[in-house]
Amino acid sequence: MTHANVAGIAVPTGHLIGGEWITSPQTFETRSPLDWDGMHLADVARGDDETATAAMAAAVDGFDEWSQFSVAERAAVLNRLADLIEANNHEIAMVECLDMGFLYESMKERLVARGALNFRLYADLIVQHADRTWPAKNMSNTVQRMPAGPAVVITPWNAPFMLSTWKLAPALASGNSVIHKPAEWSPLSAALLAELTIEAGFPAGAYNMVQGIGSEVGAALVADERARRITFTGSPETARHIGKSAAENLVPFTAELGGKGPLLVFADADLDAAAHRAAWQFDDSGQVCLAGTRLLVDESVREPFLERFHHHTDQLVLGDSREATTDIAPMAHPIQRDRVHSFVERARANDDTIVRGGNPVEGSLHYEPTLIEPASNNSEVVQREIFGPVLTFQTFGSEAEAVELANSTAYGLAAQVWTTSHERAERVGQTIRAGLVWVNTFLVRDLTAPFGGCGLSGIGREGGDYALDFHSDLKTLMILD
Ligand code: NAD
């Protein structure tokens, strides 16, 4: 097996297929956003059609064994994996920090812990689950969840570890084997996770992980008719490609896609809390699908809100993701930084007003926290996902206008509402078109609740039983007494 040495941590660079580490003749390079020109991290195996075929064959065999594990046996393996994730907290956090740029402390405190929790949650849910049974005349009816088969799990670069565990846990808990294809910009934490699955006790082929480029090995995996589920998180453009393969093979497919979340601030809101949270949308350099990137503020509180927003944004420290004092990490890749800047350049040309920021930071992959007041609601910066530290600012004159603006993009993932009126919270919350609406808070949620978006933000729902049902073939068994 080939390893890369990443800050003293040995990271496998191959594919995990059928319980074995396999290399490929071709590789791709991963570099650190912390020092793009100076920190080459690894040459990672670049899977091809043959890799995909081998991984699927292993997953078919692995499914035969794993799907026969009892629920208690499966839960024990998932809980062991959670223990191992916790025991390797530093290694996972540091590798993700270097590979993707994520803040080390935040990884350690929040996202590695959440990764372990994702496996524990699904271990609990399958143990607690009872098949639904009801009598009818002289018959009994029982609804059972049958494991569906090999699941292809495709994940994005922006929160690689946490998002991967969130998708892998329900697939495995359901009794499906998996082939995980992590994103090529941040492939390394997936390799550590794959290594831990061996120690956790999955049978060979139940857990497979292939590295490579989306349009190559990723496309080959989703086109393989032996895949029985495809679950994807990423961009709408890629979802369209994958959806065509899913349609061709009639395979159920979920897609968690982009967002353009509104953050509404009413005149009765706790303005300081709202402005503080608005500045927080720059967290992770804005590379967050759930972020409230469109600030919609009651025109009567425009100035006091902006004053507070600038105050909180001024406090943010852009720096090295390994330092505990850093608030804002560099962007994950120069291509993403340049893409963000191209939005801002077009906004300038479009007569949108750059209220603050609007430039890349010299000598690093940081981008200045940026606020733009658009010339109109049709401006590109309002309508398209930028996926960087760029927020737009618009005002509204009435609650109806606020809701109209909130619902005016093709996306519908998440929204935030800031108000002290419970009646308004109910009214506005019910009329916003989004999968998740937070009132006076952000990000906290119960993991058994449905997670997903409307419109361009996705197809289907993850979370709790929703994901377990997706990964199962539901069967109704009717027995005449
Ligand atoms: P992307 O669509 O470019 O890539 C995502 C994954 O798909 C990668 O692993 C990539 O290799 C793979 N891929 C690319 N082409 C493929 C193909 N033809 N067949 C199979 N796989 C293919 O997305 P990204 O740039 O990595 O991620 C950013 C996007 O993800 C943003 O739009 C963001 O909002 C979204 N996102 C959504 C959520 C959510 O939960 N809704 C969470 C995080 C990110």
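Residues numbered from 1 in each chain as written. Predicted model: local features only at pLDDT ≥ 70, side-chain atom pairs only at ≥ 80, totals over all residues.

## What about the overall build of the protein?
Looking only at helices and strands, one finds 15 helices and 22 strands in the protein. Computed over its C-alpha atoms, the radius of gyration of the protein comes to 23 Å, within 12% of the 23 Å expected for a compact globule of 481 residues. When the 481 residues of the protein are sorted by exposure, 52% land in the buried category. Summarising the internal contacts of the protein: among those between residues at least 6 apart in sequence, 70% fall at separations of at least 24. (Helix = DSSP H or I, 4+ residues; strand = E, 2+ residues; numbered from the N terminus. Rg over C-alpha atoms; globule rule 2.2 N^0.38 Å. Buried ≥ 20, exposed ≤ 12 C-beta atoms within 10 Å, placed from the backbone. Contact = placed C-beta atoms within 7 Å.)

## Things to note about the packing of helix α7 (residues 214-223) against helix α8 (residues 236-249)
Two elements in contact, α7 and α8, have axes whose closest approach is 9 Å; the angle formed by their N-to-C orientations is 30 degrees. As far as their axial angle goes, α8 and α7 are roughly parallel. Helix-helix and strand crossings are classified by hand; for α7 and α8 the assignment is right-handed. On α8, the residues touching Gly 214, Ala 219, Val 222 and Ala 223 of α7 are Thr 238, His 241, Ile 242, Ser 245 and Ala 246. Its residues assigned to classes, the contact of α7 with α8 comprises five nonpolar, four polar and no charged. (Axes fitted to C-alpha atoms, helices over the stretch in contact; angles between N-to-C directions. Parallel < 35°, antiparallel > 145°, perpendicular 65-115°, else oblique. Left-handed = near helix turned anticlockwise from the far one by under 90°. Nonpolar A, V, L, I, M, F, W, Y, C, P; charged D, E, K, R; others polar.)

## Considering the pairing of strand β15 (residues 292-298)
Judged by how many residues are buried, β15 sits mostly within the fold: seven of seven residues are covered. Direction of pairing for strand β14 (residues 261-265) relative to β15: parallel, over a ladder of five bridges. In the sheet register, Val 265 faces β15, and the bridge partner there is Val 297. Here β15 pairs with strand β18 (residues 390-396) via five bridges, running parallel. (Pairing = 2+ DSSP bridges.)

## With respect to the sheet that holds strand β20 (residues 436-439)
Here we have seven strands laid out as an open sheet, ordered β16-β17-β18-β15-β14-β19-β20, and mixed in their pairing. Pairing within the sheet leaves two strands with one partner each, and these edge strands are β16 (353-356) and β20. In this sheet, adjacent strand axes meet at a mean angle of 25 degrees when their direction is disregarded. Note: strand β19 (residues 414-418) against β20, four bridges, orientation parallel. Within β20, the position partnered with Gln 416 by the bridge is Trp 438.

## A short note on the site of the ligand
Around the ligand, 30 residues are found, and the nearest of them are Pro 156, Gly 214, Gly 218, Gly 234 and Thr 238. The set of elements that each furnish at least two residues to the shell around the ligand consists of α7 and α8. Sorting elements by how many residues they give to the shell around the ligand places α7 first, with five residues. Taken together, the residues that form the shell around the ligand break down as 12 nonpolar, 14 polar and four charged. (Near = placed C-beta within 6 Å.)

## Observations concerning the pairing of strand β7 (residues 132-136)
In terms of burial, β7 is largely open, as just zero of its five residues are buried. The antiparallel pairing of β7 with strand β8 (residues 139-147) creates a hairpin that spans two residues between the two strands, and Lys 137 there sits at a positive phi of about 50 degrees.

## Thoughts on the nonpolar core
Residues Leu 78 and Leu 264 are the most contacted members of the largest nonpolar core, which totals 147 residues. With residues near it in sequence (within four places) discarded, Leu 78 still touches Phe 119, Tyr 122, Ala 123, Ala 169, Leu 172 and Ala 173. (Core = buried A, V, L, I, M, F, W, Y, C linked by C-beta atoms within 7 Å.)

## So, the UniProt feature "domain: Aldehyde dehydrogenase" (unreviewed entry) in the protein
The feature "domain: Aldehyde dehydrogenase" (unreviewed entry), as given by UniProt, occupies residues 21-476 in the numbering adopted here. Taken end to end, residues 21-476 is 42% helix and 20% strand, and its two terminal C-alpha atoms sit 40 Å from one another. (UniProt positions renumbered as here; feature names shortened; annotations may be inferred.)

## Some words on helix α11 (residues 334-349)
With 16 residues, α11 ought to run about 22 Å at 1.5 Å a step, and its terminal C-alpha atoms sit 22 Å apart, in line with that. Within α11 the residues assigned to the buried category are Gln 336, Arg 337, Val 340, Phe 343, Val 344 and Ala 347. Along the axis of α11, the buried residues cluster in a sector spanning 120 degrees; they form a single face. Across from the buried face of α11, at angles greater than 90 degrees, the exposed residues are Ile 335, Ser 342, Glu 345 and Ala 349. Those residues of α11 that are buried are in contact with β16, β17 (370-373), α12 (380-383) and β18. Just past α11, the residue Asp 351 takes up positive phi, approximately 70 degrees. (Expected span 1.5 Å × (residues − 1). Arc of directions from axis to C-beta.)

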